[in-house]
Every structure is written in structure tokens, then in C-alpha cells.
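Descriptive structure summary
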Amino acid sequence: MTPWYRRRDHNIFTNSTSLLVCGLLAGVVVAAAAFPAAAMTGLAAKAGGETFASLPSELKEFSSPQITRAYASDGKTQIAVFYDEFRSDVPLKEISPHMQAAILAAEDRKFRQHNGVDVPGAVRAMISNSQGGSQQGASTLTMQYVRASLAYSATNPQDVIAATENTGKRKINEMKYALQVEKQLTKDQILERYLNIAPYGNQTYGVFAASQVYFKKKPKDLTVGEAAMLAGMVKAPSNFNPTVPSGLKLITDRRNDYIIPAMLEMGAITAEQAEKGKKEKIPTKVKQSGRGCAWVAKNHWGFFCDYFTRWWNDQDAFGATTYDRERRLKSGGYRIVTTLDVKGQAAARKQVADRQSDNSQNALLLAGVEPSTGKVRLLATNRKYKLDDSENPKNKMSSDPKKRAKKVRGTHPYTTNPLMTGGGDITGYQAGSVFKIFPIIAALEAGYPLAYPIAAQKRYKSGYPVGPGPASCGGFYCPKNSGGGGEGLYNMWSAFAKSINTYFIPLQERVGSDKVIEVAKRFGVQFRDPTEAKMTTKQGGSEMFGAFSLGVTASTPMDMANAYATLAGDGKYCVPTPIEQIKTADGKKIDVGRPYCIQATTKDVARAALDAARCPVGDSAQLGSCNGATAPEARGAVGHPVFGKSGTTDASKTASLIVGTTKIVVAGYMANPDYPDHKDQMDHDIINPAVWETVADFMDGKPKVQFKKPRSSKIAYGEQRSIPDVTCDSVSAATNRLENAGFTVSTGAQVPSSCPEGTVAGTNPAGRTVKNGVVGLEISNGPDKKDGPGPGGGTPPGRD
């Protein structure tokens, strides 16, 4: 029944000198207690206390473990708590006077009279213990505080043992420390610290935690009966535990027969209060406060909480090792305001839940990032944040045939994997054409304007060597457009609007695939898969990575939301962060987690690329013409200026959509996290509205802000040259004239014209175009003939 910090000494003295030592100790203690100003000098020495005087008397500064609390961005909504010991210090003025009186009645009724050591009690206890009588402790409340302090300030396991072991040396040590503590602190300060450090059972430490767990109230509101019960538990929390029958009887007797009568005798309460306190019900069931991400108030916050804890454990500022950082989180008493937007998160989860069951093997994954800060505002998916019960599993068998054959279960509906943010075993998912933004940025940086034309083909034979496969022709990479067709003359606006593969691979060749990859890295794409990470290096062949711009490497929704947010942030890439503010236990702000941003590209390049990115999502470019869109409903649904891109991988194994404004960028992926090579086709009719409606909900009530234009029009149109008029010329003659003017010539579609059949009806574009650009010849099929395919030609490409 003895508590961990108040163990009674047994058989300290086992030889014939025990009484002599007792007398010596008594002399030392009496001298110190009776003459504290002497500071254990002459009197201590005369009492034979040379060893006693040489003992240290200054307690090391320490902080007892405190609860860390994490809040949403509003600073009010608590997301989670983290602790090893459920404890939160409170000042004495916020602790009920009943609790203050009860702890003295239980542990040290002479607390206000002694100088840290109860001299008569100490001598009596030592004599009794040495003679084999009833074991007595005589530890004052100050000595108990000392013992706990020494244990908490210990820097190694041996120090912890020394602070709590059953030896006379430890007792003497405590006495000297206690005498010194009484000089340095007031009685109220000692009492406050003791109440905040004492254990109360059921994983509660300190009076705040005990009040919460046992009575669901603050310490200042404790009644006589409640305070007496808590005070009674401190002696031996496990023995006096009211949640077990034996403990209930013991604590009831201790409260009613020992502590409350003592409170009455001390004059702390009236006889009426005493009787009323004895009748108060003692709780037999308690609900321990949950800790960590598995105990968030709303389950769908768990994935953000998990992202936060992974972020924390990566920060060197919180310790040299992951273990040190985790301990700091669980004991530091921080007040953390995170970036989680409660309203936006709720909207995202609703959009996901309305469209995809938690039991589906296919995951709908959403991540939202704020431009110019990197603050992660939302993370939602159709999964429950929870570990599956190994004894009674609910998760379905894995959709991966190899894993299923081994009875391995999948990650639905329960998982704690970082599906939206990556890490651990999650390397990401192929995202498809959303990666086409990177060759646009690389081309703009290389001096190619948005108006740069390329004559796209149905299938393009590149100069990238590849092995045998469906995208190979003659040993080279030969992509085609989604749905076939799509041939014609395109610029960056129109090619991005219609997602023309056979425009972007030639564009990638012109600027270099290694330069495109370098842009993706600058914009925050993490290549977590080791093989892909090597392929994106010069040594691994980045200069020959032909399919890169079509999104064949793994990425996460958070990666790509932040990459597109870099455009809306005027080219400023900000490292993703879950932090608005961190305060220490004493209220000091620390800088860790504040936005850390670098200029990933120039403002004009970012603004120009964003202008092209308005086309795929149904908005109007400010500088050029879109002539199409792959997700045209997004602009109308959001009701604000938007930009973004959709994407689909081969056989629709993954579908993606990114939609952004000046305030938020949301990236959505639909994928199978357990088995990338599945047979399902991911449906844009599911993911697209989930993304744009999430953006719409987030932007509701916010002002409409237009995107900025580049400061120079040259980045949009380049250096322009007049196109010679070749109307009704022969194809050969027109070709010669145009090539002599510095243009590259391509033969385009047939059109009705008054010119003779087979001659040139006109050019695309007409009038002016980019210096050294491509000019397409429109061939006349004569007057009164049916229209052939128009510019952009052939069969329109599929949605991508």
C-alpha cells in the first residue's frame, strides 16, 4: 500500500551500531531543524554530520511531464492530446481549498509547523524500524516532493533507483534537500508543486488530471468528499483504486474514517460539511482520457493528426532522435495550434463519404494546401483512422492476389497509413496528366512562350529509347493521346486544355526531361519509391526519362496540391506544414513549423503557367484562348477564378483532379492503395465533383480574387513575326516562303476554300506567330465541299 514516492524504510540498520547511528542522525536532524540559519555548519559537524553536510542540497531544475494539446486552426477546437503521464499543472489558486486541506490531512498534518523534516516523527520512526517494531515512514510532504523531484530530474535509470530505493542514505538525502527546499520556497509553493506532481491512479498524475478523470471537473470545483477521496489515493493509488471492489472499500474507509475527520479536526471544514462529504458517492467507473491520434474527437481528423505527429518526429529542433522528439511531444506541455480548417475538413470528408464507401477497396483521397504558406488545411479519405483488430479483424482481404493468397488483409475500412501525405510504405500513386504542368514551367523558364506552337500527331515517335511495350515503336517511346486523335496545331493553352500527350512529349524533348524533373523537385514532388528516385537523377538517366511528363511516377495528393499551390503563390514554394503556432508550457512562442518558403520559379513564369492551367477546369485564360477543357464544370461549381488539371493513367487505374483558387488548392486522387495493378477503372464522375465541391465549400463566403497577370506579355506571346500570306499558293511554294521566313511548316487539315483544290487555303495561325514557331498549312478542298476536320484535327482526344 506504499506509494512509489513514499515507501517506508525496512531494516535500515541491521547491526549492533543501529542505535548509535539513529542517535547520530537524530542529532543532525535536530540541529538542522532547530537552527536552519546555521545551514548545517558547526552544529551539524558537532553532531557528527560531516557526511550529511557534504550531501548536495540544491534540487536540479526539472519539469514534470505535462499534457500537450493540439488544436485546429481556430485555436479552440481540440484535436488531440499527447502524454505519457496525464498531467497538467495548475496554480494553487485554481485548486479547491478542500483539496488543499485534504492532502495535508492525509499526508502531513504538521506541514505548516515544521521546516521540512518532522524531527520527533523521524527519530521515532527510525528507532521503531531499527528495533523491529511497526514500520514507520515519517516522510513529510516536503520530503515526498523532494523524492518525486529527484526521480523526475534523473538523467539515467540509476538516478531514478537512487531517488526511490529503500535505504537510509536516501532518507538522509531527502531530509537535507527538504530543509533547503523550505528555505527557497514558501509553504504554498511546495503544496502547489506537490499537488501537481502526485499520482492518483488510473494513469493520472497531478490534481488537474485526477479531477478530470474521476469527476469530470476542474480542481477548483472539487467538493469535500471528492477532495478527500483523491487525497486518500495518493498514499497507494493502486490499492486505493475505487474502480475495483477491494479498493473501493479501502478508499471509502480511508476517506470517511481518517481524512474527513482530520479535516474537521484541523478546522478546514464544519461538522455539517464533514457529514455531507462522507455521504458523497465515490466513482466506481472512470473514463481515462484518450491520447494520440487514435483518440481524436472526430475520426476523420485522425489522418491530419497522423501527418502532424510524423512531421513532429522529423523535426531536429525537438531532439536528436525520433525517440527524443516523441518524448518531448508527450511530456512537454505544448499548446499547438495546427493548420487544420475544421469547416473545410468536414466538407471534404462529406464529399468523400457521399461518393465512396469506407468499405470500397478504391480510395478517394483529398488534400488541401494554402498557397504562399504551405499550410495543410484538410486531409480526407473514405477510410476510418484505426488499426484493425487482429483478434477480430474487420478489414477485407487484400485486393493484391499475392497478398490475398497469404491471408493478408487490405487497408479498408480501417487504416492508419498516411494515404494522402506519404511516408512509411506509402510511396504514392501515378497521377497522370496533372504532371504536364512541369514541362510548361520548364519551357517558360527556357524562354518558350505560352503561344509556342507544336503540330501534334495522333501518335508521336520520340527520341527516347524504350524496351518493347505498347508505347514502343521501333525501339523508341511513342505516346498517343487519350481516346486517340487529337492531332493538330496546339500551344500551351490549348494543349493543356485538351491534355494533348503528343504536344507535351515534344515540348519535353525541346527543354530536356531532366529540366522538367528538376522543376518537379523544386515544386516539392517527393520521389519516395527508390527505383523512381534513381531514375530522376542524372546518374539514373533523367535525360532519357521519356514518359515523365505524363505522370508515370508516384506522387501523393499533398505533393501535387502543394506543387500547384506554388503557382498561386507567385512561384513561391513553401514546405508543407501542419503548424500555425506552438507555445511552450510557460507560454513562450517557438518558431518551429512556421512557413518556410523559397522562390521556386519567377513570378512571371508562375503567373503564365497558371494562366494556361485555367483552361482545363473551365475558366478563361487572361492571355490566350483555351479552346477546350477536361473538367469544364469546375469553374461554375466553385464560383471563383480557378485553375487546375485532371489526369488519368493507363487503363484508368488512377484518376486525379486538382482545382485551386488564391486561397486553397485541393488535389484529389482515386486509387487502390493496396494493389496498383488492379482491374477497376477509376471514375472521374466520382472524383471530379468531390474535388470541386470541396473547394466550393472552402471558398463559401470568401471574396473573389482574380489571379495576377505576368508583368511582361513576352512570356505569353514571345517575339512575334509576321506570317507571309501564302493564300492559294501551291503547298511547295508556300512551304518555301514560310521556311525562308524562319518558320517550321506542317501540313494541317483540309478546309473548304475558294482557292483551287490542293492549294493552300490559309495558315494556322494567321497573321503573326512566335519567331521560329510552327505554321500549319490549311489545304483547300475546293469550294462547296464538305468540311474536313478543323484545326486541332482528327478525332478529339478523350478526357484526361
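Just above, that's the structure.
Presented here is a report on the structure given in the accompanying data block.

Here is what the cut-offs are and how they apply
Residues numbered from 1 in each chain as written. Predicted model: local features only at pLDDT ≥ 70, side-chain atom pairs only at ≥ 80, totals over all residues. Heavy atoms only, no water. Buried < 20%, exposed > 50% of the residue type's maximum accessible area, 1.4 Å probe, protein only. Helix = DSSP H or I, 4+ residues; strand = E, 2+ residues; numbered from the N terminus. Pairing = 2+ DSSP bridges. Salt bridge = Lys/Arg side-chain N within 4 Å of Asp/Glu carboxyl O. Axes fitted to C-alpha atoms, helices over the stretch in contact; angles between N-to-C directions. Contact = heavy atoms within 4.5 Å. Disulfide = S-S within 2.5 Å.

What follows covers the pairing of strand E27 (residues 774-780). The buried count for E27 comes to 7 of 7 residues, which makes it a mostly enclosed element. As judged from the 6 bridges shared by strand E24 (residues 744-751) and E27, these two strands associate in the parallel manner. Looking at E27, one finds that Val751 is bridged to Ser780.

On to the pattern of salt bridges, then. With the rule as written, the count across this model stands at 32 salt bridges. The shortest N-O distance in the salt bridge between Asp570 and Lys708 comes to 4.0 Å. Of the two residues, Asp570 sits in the loop between helix H23 (557-568) and strand E16 (572-574) while Lys708 sits in the loop between helix H26 (684-699) and helix H27 (714-717), which places them 138 residues apart along the sequence. Overall, Lys708 belongs to the exposed group, its relative accessible area being 56%. One network of salt bridges, in which partners are shared, links Glu370, Lys375, Arg377 and Glu580.

The subject of this paragraph is the sheet that holds strand E25 (residues 760-764). With mixed pairing, 3 strands are arranged side by side in an open sheet as E24-E27-E25. Two strands bound the open sheet, and with one partner strand each, they are E24 and E25. Going from strand to strand, the sheet's axes swing by 30° on average, the running direction of each strand aside. Here helix H28 (residues 731-740) sits on the sheet in contact with E24, E25 and E27, set at roughly 165° to E27.

With that out of the way, let us pick up the state of the cysteines. Under the defined criterion, the tally for this structure stands at 5 disulfides. Linked covalently through their sulfurs, Cys293 and Cys305 form a disulfide whose S-S length is 2.1 Å. Between Cys293 and Cys305 the sulfur-sulfur dihedral comes to about -80°; the bridge is accordingly left-handed. Of this pair, Cys293 sits in the loop between helix H13 (271-279) and helix H14 (302-313) while Cys305 sits in helix H14, and the two are 12 residues apart along the sequence. When sorted by exposure, Cys293 lands in the same class as Cys305, which is buried. For the protein chain, the disulfide bridges join cysteines in the arrangement 1-2, 3-4, 5-6, 7-8, 9-10, where the cysteines are counted in sequence order.

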